[in-house]
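What the coordinates show
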Amino acid sequence: MTRRELDAAGVTDPGLRAAYARCRQLNARHGRTYFLATRLLPLERRSAVHALYGFARWADDIVDDLDRGRAPCERDRLLRHLEDDLAHGLRGGAGDEPVVRAVADTADRYGIDHRLFADFMASMRSDLSVTDYPTYADLRAYMHGSAAVIGLQMLPVLGTVAPREEAAPHAAALGVAFQLTNFLRDVGEDLDRDRVYLPADLLAAHGVDRPLLEWSRRTGRRDTRIRAAFTAAEALTRSVYREAEPGIAMLDPRVRPCILAARTLYGGILDAIAEDGYAVLHRRSVVPRRRRAAAAVAGLAHVVGARVHARLAPRPPAAPAHAGRTERERCGR
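Treat the numbers as computed from the prediction; the structure is a model and nothing was measured.

Brief notes about the overall build of the protein chain
Assigned secondary structure in the protein chain consists of 16 helices and 0 strands. When the 333 residues of the protein chain are sorted by exposure, 50% land in the buried category. Within the structure as shown, the protein chain displays about 15400 Å² of accessible surface, and the carbon and sulfur contribution to it stands at 53%.

What about the packing of helix 4 (residues 43–64) against helix 6 (residues 98–110)?
Following both chains from N to C, one finds helix 4 and helix 6 inclined at 130 degrees, their axes separated by 8 Å at the closest point. One element, helix 4, and the other, helix 6, form an angle in the oblique class. In the packing of helix 4 onto helix 6, the handedness of the crossing is left-handed. For the pair helix 4 and helix 6, the contacting residues are Glu44, Arg45, Ala48, Ala51, Leu52, Gly54, Phe55 and Trp58 in the first and Val99, Val100, Ala102, Val103, Thr106 and Tyr110 in the second. Looking at the contact of helix 4 with helix 6, its residues break down into 10 nonpolar, 2 polar and 2 charged.

A short note on the pattern of salt bridges
Under the definition given, this model contains 27 salt bridges. Across the salt bridge formed by Arg80 and Asp76, the nearest N and O atoms sit 3.2 Å from each other. In this pair, Arg80 and Asp76 are both assigned in helix 5 (residues 72–90), 4 residues apart and thus about one turn of the helix distant. When its relative accessible area of 41% is taken as the criterion, Arg80 is described as partly exposed.

Points about unusual backbone geometry
One non-glycine residue, Asp194, adopts positive backbone phi at about 70 degrees. Looking at where Asp194 falls in the secondary structure, it is placed in the loop between helix 10 (187–192) and helix 11 (200–204). Phi at Tyr278 takes a positive value of approximately 55 degrees, unusual for a residue other than glycine. Checked against the element boundaries, Tyr278 lands in the loop between helix 14 (256–275) and helix 15 (289–312). Owing to a relative accessible area of 11%, Tyr278 belongs among the buried residues under this scheme.

Focus on the nonpolar core
Core analysis: the largest hydrophobic core is formed by 99 residues, its most contacted members being Phe55, Leu139, Met143, Leu213 and Phe230. Residues within four places of Phe230 in sequence aside, it is in contact with Leu184, Val187, Leu198, Leu213, Tyr278, Val280 and Leu281.

Quick notes on the packing of helix 1 (residues 2–9) against helix 2 (residues 14–30)
Working note: a packed helix pair is described by the angle between its axes plus the distance between those axes. Where helix 1 contacts helix 2, the two axes come as close as 11 Å, and the packing angle between them is 125 degrees. Taken together, helix 1 and helix 2 sit at an angle that is classed as oblique. Between helix 1 and helix 2 lies a crossing of right-handed hand. Where helix 1 abuts helix 2, its residues Thr2, Arg3, Glu5, Leu6 and Asp7 lie against Arg17, Tyr20, Ala21 and Arg24.

Considerations on the environment of Ala94
Residue position: Ala94 is located in the loop between helix 5 and helix 6. Judged by relative accessible area, which is 42%, Ala94 ranks as partly exposed. Here the alpha-carbon distance between Ala94 and Asp105, two residues 11 residues apart in the chain, equals 9.6 Å.

Some remarks on the packing of aromatic side chains
In this structure the tally under the stated criterion is 8 aromatic pairs. A ring pair is formed by Phe55 and Phe117, whose centres lie 6.5 Å apart and whose planes are at 80 degrees; its orientation type is edge-to-face. Of the two residues, Phe55 is situated in helix 4 and Phe117 in helix 7 (residues 114–126); the sequence distance between them amounts to 62 residues. Exposure remark for Phe117: the relative accessible area of 2% places this residue in the buried category. One aromatic cluster is present, formed by Tyr133, Tyr142, Phe183 and Tyr197 through successive ring pairs. Over the ring of Tyr241 we find Arg263, and its NZ or CZ is 4.2 Å from the ring centre.

As for helix 7
For helix 7, which comprises 13 residues, the first-to-last C-alpha distance of 19 Å matches the rise-based estimate of 18 Å (1.5 Å per residue) to within 8%. When we look at burial in helix 7, the residues that qualify are Leu116, Phe117, Phe120, Met121, Ser123, Met124 and Ser126. Of the surrounding elements, those touching the buried residues of helix 7 are helix 4, helix 5, helix 6 and helix 8 (136–158).

Side note on the side chain of Asp252
By the element assignment, Asp252 lies in the loop between helix 13 (224–244) and helix 14. Accessibility expressed as a relative area gives 11% for Asp252, which makes it buried. Among the polar contacts made by the side chain of Asp252, one reaches the main-chain amide nitrogen of Arg254 at a distance of 2.9 Å. Excluding its chain neighbours within four sequence positions, the residues that come into contact with Asp252 are Arg45, Leu158, Gly159, Thr160 and Val161.

Examining helix 12 (residues 210–219)
Turning to helix 12, its buried residues are Arg210, Leu212, Leu213 and Ser216. Considered in projection along helix 12, the buried side chains sweep an arc of 165 degrees and stay on one side of the axis. Summarising the contacts, the buried residues of helix 12 are in contact with helix 10, helix 11 and helix 13. If you check the start of helix 12, you find a side-chain oxygen 3.0 Å away from the backbone N of Leu212, and it comes from Asp209. Downstream of helix 12 by one or two residues, Gly220 has phi in the positive range, about 80 degrees.

About the cut-offs
- Residues numbered from 1 in each chain as written.
- Predicted model: local features only at pLDDT ≥ 70, side-chain atom pairs only at ≥ 80, totals over all residues.
- Heavy atoms only, no water.
- Helix = DSSP H or I, 4+ residues; strand = E, 2+ residues; numbered from the N terminus.
- Buried < 20%, exposed > 50% of the residue type's maximum accessible area, 1.4 Å probe, protein only.
- Areas by Shrake-Rupley, 256 points an atom, 1.4 Å probe, with all protein chains shown as cover.
- Axes fitted to C-alpha atoms, helices over the stretch in contact; angles between N-to-C directions.
- Parallel < 35°, antiparallel > 145°, perpendicular 65-115°, else oblique.
- Left-handed = near helix turned anticlockwise from the far one by under 90°.
- Contact = heavy atoms within 4.5 Å.
- Nonpolar A, V, L, I, M, F, W, Y, C, P; charged D, E, K, R; others polar.
- Salt bridge = Lys/Arg side-chain N within 4 Å of Asp/Glu carboxyl O.
- Core = buried A, V, L, I, M, F, W, Y, C linked by side-chain atoms within 4.5 Å.
- Phe/Tyr/Trp six-rings, centres within 6.5 Å; stacked < 30°, edge-to-face > 60°.
- Lys NZ or Arg CZ within 6 Å of the ring centre and 35° of its normal.
- Expected span 1.5 Å × (residues − 1).
- Polar contact = N/O pair within 3.5 Å; in protein donor to acceptor, adjacent residues only side chain to side chain.
- Arc of directions from axis to C-beta.

So, in structure tokens, the structure goes:
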């Protein structure tokens, strides 16, 4: 399937093909929910989405460094090297890391604003020193770089039927909603890394602070105040999903099934958390396979419908930013 995706995307350079294949592997291994949704994209757009995911995952793994136990100063050095490598790649250089070569090529193909990558790297750097967020406004500032920009990077790849600036706030909100979902699901694991991503003002409104979370994590005991705070976090996350929903109709009809499936799957994580009694400090809530399968089947039905519609009323796809240039001319190499 990797070869077919790269052929459809027009990626012919062997080195680039290997770089994109590496990003696809990262997506398949670490982003199962996200990867399942990408299977519903048109073949020629999947590699670009894998590249965006692969780069983000690579940076995130440097920050978290779960396996090697590197000191913060070493992680900072690696992150700055990645940032320099990315800047070089975005200027047309080869890039040291495969994820950089793939994401730089994707940015060039689709005309993705380079400032979005700078904002992303700034949020990644903050994870090396910031361990909590006093207010939701503080968290939203962080999530602009860590999540909202991912939605904005995706827009040129997905394509829109509305002006992109109209779709942009909704795409950013969807990225934020996905990350808030992950924050609630992973609150126990993040606490083990000395991080609390749920804003302190939301927790305090229900009588919860970090020591109470740590006590519950350590002892396995529950507290009604924690449950109330997590219920509020779920409600907040669902409100951000509602902010995002109008943007789905602004996307190219051929990509809507993918985004609808991702929305359903991530929303299913919230459902699983609630059904599990908000026990996220003690175990990870997962979406049952039957629900994941149902979302995939529903997405496939939408794909078929979109293809039928496209045949009945064909419409030329929006040309990416590189239209009219060869791969050699785009890459400068």
